[in-house]
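A closer look at the structure
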Amino acid sequence: MHRREWDQQMPEAYVAGLGFAVILGRMSGGRLAGITQLRMRSMWLLWLALALQLSQYVPVLRVDPAGAGHRVLLGLSYAAAALWLSRSGAVQPNRGLRIGLAIIGLGWALNATVVVANNGMPVSTAASWQAGTPGALANSTLERGQMYKHVRATSATRLQPLGDVIPLRSLHAVASPGDVILWLGVLITVAAAMRLDRVRTGQITPASPAAPLPAESRTGWRGTRADSGHAAETTAAHRRGKEVS
Amino acid sequence: MTKITAVRVVATLAALMALLYAVGAPHVVGG
């Protein structure tokens, strides 16, 4: 894997962003273990979406960035992510989680539309200049036309306002409106999941009553019965809380 | 937090990171 290209996908920012989401969840009264309240279905779809994109870092698997195969690959990847979001969103046990995943879905829609329309995410040169330095721009794989998921925005770019047009100077990065909405959705999802755990155990009062778990989600995380014991414990604890009060 | 819960927390965070990577498309231009 080419280190420089990997750098340009902001892995550190993802870790930092998730850390920030966890901190927000803690500040809102949640706890880290609660994040497992997020129900996930058909995980293979998410891993497929990721693998399709990561395959482009492997030289023997790389397709022509300007060709139809690249468009199909990106389209399949985004479609797999959408299916995963749809399937997982349908089994969330609480409104906050459903809202969070719906917002993530909106971010997906904005990014997928502009990526498929342009065979990659168009990056504004003007925004890049505002976010980076001339030296960094000269070394950018985007400037060399090699960055598989991004393309340089030109006058022929479709839906340019949905592209990477938002300069983030502190991160030396350029983001799209879909990226911003995506991150907002993740923040809400993580905070809601962390808080839900404490609502279930009766340690904090819910803003709105948590909906009962859908029948198919009672089997727990990833469709296993791994957390059915945990669910029973939290339900029992909740009942004990009611008896005391 | 039990070991199993800790593993599930890490797995969930990893899944969210995969989601951010697969759906998001920010571009780093360097500092």
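Bear in mind that the values here come from a model prediction, so they are computed numbers and not experimental data. (Residues numbered from 1 in each chain as written. Chains lettered and ligands numbered in written order. Predicted model: local features only at pLDDT ≥ 70, side-chain atom pairs only at ≥ 80, totals over all residues. Heavy atoms only, no water.)

**Comments concerning the packing of aromatic side chains**
Condition: Here a Phe, Tyr or Trp ring, Trp counted by its six-membered ring, pairs with any other such ring whose centre lies within 6.5 Å, and the pair is stacked when the planes are under 30 degrees apart, edge-to-face when over 60, and tilted otherwise. Whether a charge lies above a ring is judged from NZ of Lys or CZ of Arg, which has to be within 6 Å of the ring centre and within 35 degrees of the ring normal.
One pass over the full model with this rule turns up zero aromatic pairs over all chains. Positioned over the ring face of B:Tyr21 is A:Lys149, at 5.5 Å from the centre of the ring.

**Thoughts on unusual backbone geometry**
All names here are of chain A. The criterion, for reference: Only protein chains enter the calculation, and the probe is 1.4 Å; a residue is then buried if its accessible area is under 20% of its type maximum, exposed if over 50%, and partly exposed in between. Strands are runs of DSSP state E lasting at least two residues, helices are runs of H or I lasting at least four, and both sets are numbered from the N terminus onward.
In this model, leucine 159 sits at a positive phi of 50°, which is unusual for a non-glycine residue. For leucine 159, a relative accessible area of 41% puts it in the partly exposed group. At histidine 172, a position not held by glycine, the phi torsion is positive, near 50°. For histidine 172, the location among the structural elements is in the loop between β3 (166-168) and β4 (173-175). By relative accessible area, which is 29% here, histidine 172 ends up partly exposed.

**What to know about the nonpolar core**
Selection rule: By convention a nonpolar core is built from buried Ala, Val, Leu, Ile, Met, Phe, Trp, Tyr and Cys residues, the set being connected through side-chain atoms within 4.5 Å. Throughout, a contact is declared for two residues whenever any of their heavy atoms are within 4.5 Å.
Grouped together as the largest cluster of nonpolar side chains are 45 residues, with contacts concentrated most on A:Leu38, A:Leu46, A:Trp84, A:Ile104, A:Val190 and B:Leu19. Those elements giving two or more residues to this core turn out to be α2 (11-27), α3 (43-54), α4 (68-89), α5 (95-118) and α8 (177-200) of chain A together with α1 (3-23) of chain B. Of all the elements, α1(B) adds the most residues to this core, at nine residues. Setting aside anything within four residues of it in sequence, one finds A:Leu46 in contact with A:Trp84, B:Ala15, B:Ala18 and B:Leu19. Listed in part, the five residues of the second largest apolar core include A:Ala127, A:Ala131, A:Val174 and B:Val29.

**Re a nonpolar patch on the surface**
Residue and element names in this part refer to chain A. Note the cut-off: Patch membership is restricted to residues that have no salt bridge and whose relative accessible area is over 30%. Joining uses 9 Å for like charges and 5 Å for the nonpolar side chains Val, Leu, Ile, Met, Phe, Trp and Tyr. Here the accessible surface of atoms and residues is derived via Shrake-Rupley with a 1.4 Å probe, and residues count as covered only by protein chains that are part of the display. Salt bridge, as applied in this entry: a Lys or Arg side-chain nitrogen positioned within 4 Å of an Asp or Glu carboxyl oxygen.
Nonpolar side chains collect at one region of the surface, where Phe20, Ile23, Leu24 and Met27 lie side by side and expose about 420 Å² of accessible area between them. Within the fold, isoleucine 23 resides in helix α2. When its relative accessible area of 49% is taken as the criterion, isoleucine 23 is described as partly exposed.

**What to know about the side chain of A:Ser42**
Residues and elements named next belong to chain A. For serine 42, the location among the structural elements is in the loop between α2 and α3. A residue is classified by how much of its surface remains accessible, and serine 42, at 15% relative accessible area, is buried. In contact with serine 42, other than residues within four places in its own chain, are Trp84 and Arg87.

**Some details on the confidence of the model for chain A**
All names here are of chain A. The condition is simple: Scored between 0 and 100, pLDDT is the confidence that the predictor attaches to each residue.
Across chain A, the average pLDDT comes to 79, with 69% of residues at 70 or higher. Every residue in residues 1-7 is under pLDDT 50, and counting partners more than four places away or in other chains gives 16 contacts. Counting contacts from residues 215-233, a segment whose pLDDT is below 50, to residues more than four positions away or on other chains yields 34 contacts.

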